[in-house]
Every structure is written in structure tokens, then in C-alpha cells.
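Coordinate analysis (summary)
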Amino acid sequence: MSAYFPEAAAGVSVNISQISDEADLAVVKGDLSGLKRPILKIDARKDAAISGQPVLSLGYATGLSAILARAGEEAVNDIVKITGGDPKKVVAELERRKLIRPLVTQGHIGDVLADKIVYDAQTTSGGSGGPLINRNGEVIGVTFAVVKGFGGSNFGVRFATPSRS
């Protein structure tokens with residue numbers, strides 16, 4: 001698999017490192033040293049996600065056509081002409097032009113459950129796996145579900161340190 005980052009001229013090879021037994025979540029690892037950018041920190045404190053607080057959601061629209069739709073008509077026509085429409089070549093050309101970018105939306109946390117965060121930042125199909133970022137710029141969860149037709153209920157797997165009783 002390859003992971004793509006905004007403004008990066010090449011994808012980063014990643015491999016599955018861990019799969020959760022409890023949540024719809026897997027961790028991938030790759031060598032990010034060539035990105036020359038800060039890595040977001042994870043905040044798993046109990047009070048990292050607070051109902052009513054702002055949240056940012058980052059994700060990628062589903063499929064190649066959704067990514068192309070954001071590139072602009074002139075760029076798309078040029079890319080299709082250069083690549084002949086071959087999907088692997090299209091992705092490589094989008095990557096070369098630095099046109100693989102996440103959708104960034106903002107909203108608020110509606111509810112915080114033991115294992116989930118409910119939020120209203122618009123999320124598109126394909127946004128699963130994207131980080132949820134709190135007002136401190138730290139990752140507090142990962143989007144895993146969108147309730148279509150009801151804008152107030154998107155769900156993220158919550159990063160939380162287990163409470164010790």
C-alpha cells in the first residue's frame with residue numbers, strides 16, 4: 001500500500017502493523033523521514049475529546065473520480081490525455097502534480113462515548129481512516145462511519161487510555 005501526503009511528490013510505502021480486535025481500526029507503518037513535516041501527536045487523555053468543542057476532520061473522497069473532481073477540468077483533461085486513463089498512471093500523475101489532498105472540514109463534537117466520538121464535521125464517503133483533530137491540534141480519533149442523510153452523526157474511533165478501576 002502507499003500513503004499520500006499533501007505537497008509530497010511521492011507516495012510512502014506502508015504496511016499493516018496492527019489490527020484492532022475491538023474497533024474498526026488498523027495501524028499502518030512506513031518510513032516518513034522523507035516528508036520533512038511534523039507528525040501529528042495522538043492525545044488519548046480522557047478529556048482530549050469534549051462534547052461541544054471544535055473538531056477538524058481530514059479524509060479523502062472515495063475513488064479516483066472524486067479526487068479528479070477537485071483537480072479542475074483543465075488538469076483532468078491533461079492528465080487523461082497523458083495517461084490514457086490508466087488508473088495507476090493517473091494516480092502517479094496526480095501525485096507528481098501534488099493534487100492528492102485531503103478534504104478538511106470543521107465542526108463540533110456532539111457526544112463522547114467510551115469508545116466513540118460523535119461529531120458533525122461534514123465527512124464524505126471515503127473519509128474513513130482520516131484523523132479527528134481537537135482544538136489543540138492533536139489526533140483524538142479516526143473516522144469510521146458516516147450516517148447519510150443526517151448531518152449530525154459521524155463517528156470516530158476514540159483514542160482513550162483505559163480507565164483503571
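Reading the values: rules and limits
Residues numbered from 1 in each chain as written. Predicted model: local features only at pLDDT ≥ 70, side-chain atom pairs only at ≥ 80, totals over all residues. Heavy atoms only, no water. Helix = DSSP H or I, 4+ residues; strand = E, 2+ residues; numbered from the N terminus. Contact = heavy atoms within 4.5 Å. Areas by Shrake-Rupley, 256 points an atom, 1.4 Å probe, with all protein chains shown as cover. Lys, Arg positive; Asp, Glu negative; His and termini not counted. Charge placed at Lys NZ, Arg CZ, Asp CG, Glu CD. Polar contact = N/O pair within 3.5 Å; in protein donor to acceptor, adjacent residues only side chain to side chain. 1 Å grid on protein atoms, 1.4 Å probe; cavity = no way out; pocket = protein on both sides within 12 Å on 5 of 7 lines; lining within 4 Å. Points joined across faces, edges and corners; volume = space filled by probe spheres on them. Nonpolar A, V, L, I, M, F, W, Y, C, P; charged D, E, K, R; others polar. Axes fitted to C-alpha atoms, helices over the stretch in contact; angles between N-to-C directions. Parallel < 35°, antiparallel > 145°, perpendicular 65-115°, else oblique. Left-handed = near helix turned anticlockwise from the far one by under 90°. Pairing = 2+ DSSP bridges.

1. Brief notes about the overall build of the protein
A count of helical and extended segments in the protein gives three helices and nine strands. For the protein, the succession of helices and strands along the chain, N to C, is β-β-β-β-α-α-α-β-β-β-β-β. With the C-alpha coordinates aligned to their principal axes, the bounding extent of the protein is approximately 60 × 35 × 30 Å. Summarising the internal contacts of the protein: among those between residues at least 6 apart in sequence, 58% fall at separations of at least 24. A total accessible area of about 10400 Å² is found for the protein, and carbon and sulfur atoms account for 54% of it. Taken together, the 19 basic and 17 acidic charged side chains of the protein have centroids lying 4 Å from each other.

2. What about the side chain of Asn-134?
Of note, Asn-134 is situated in the loop between strand S7 (131-133) and strand S8 (139-146). There is a polar contact of 3.2 Å between the side chain of Asn-134 and the backbone oxygen of Ala-48. A distance of 3.0 Å separates a polar side-chain atom of Asn-134 from the backbone nitrogen of Asn-136. Look past the residues within four positions of Asn-134 in its chain and what remains in contact with it is Asp-43, Ala-48, Pro-54 and Ile-140.

3. Notes on empty space enclosed by the protein
Overall, the coordinates contain two cavities of 30 Å³ or more when judged by the stated rule. The computed volume of the largest cavity comes to approximately 50 Å³. Forming the walls of the largest cavity are Tyr-4, Phe-5, Pro-6, Glu-7, Ala-8, Ala-10, Gly-11, Glu-95, Lys-98, Leu-99 and Ile-100. Each residue belonging to the lining of the largest cavity can be placed in one class, and the counts come to seven nonpolar, one polar and three charged. Of the pockets and cavities examined, the second largest cavity occupies roughly 40 Å³. Lining the second largest cavity are Gly-59, Tyr-60, Ala-61, Ile-67, Arg-70, Leu-99, Arg-101 and Leu-103.

4. Considering the layout of surface pockets
The computed volume of the largest pocket comes to approximately 1600 Å³. Phe-5, Val-28, Gly-129, Gly-130 and Pro-131 are, among the 40 residues lining the largest pocket, the residues nearest its centre. Residues that form the lining of the largest pocket fall into these classes: 27 nonpolar, nine polar and four charged.

5. Points about the packing of helix H2 (residues 73-83) against helix H3 (residues 87-96)
The interhelical angle for the contact between H2 and H3, taken along N-to-C directions, is 130 degrees, at an axis separation of 9 Å. Relative to H3, H2 is oriented oblique. Handedness of the H2/H3 crossing: right-handed. Between H2, through Ile-79, Ile-82 and Thr-83, and H3, the contact on the second element is made entirely by Lys-89, Val-90, Glu-93 and Leu-94. Residues of the contact of H2 with H3, tallied by class, amount to four nonpolar, one polar and two charged.

6. Quick notes on the sheet that holds strand S6 (residues 116-119)
Spatial ordering of the closed barrel is given by S4-S5-S6-S9-S8-S7, a layout of six strands whose pairing is antiparallel. Strand after strand, the sheet turns through a mean of 45 degrees between neighbouring axes, direction not considered. By the bridge criterion, three bridges tie strand S5 (residues 103-112) to S6 in an arrangement that is antiparallel. Counted as the bridge partner of Val-112 is Ile-117 from S6.

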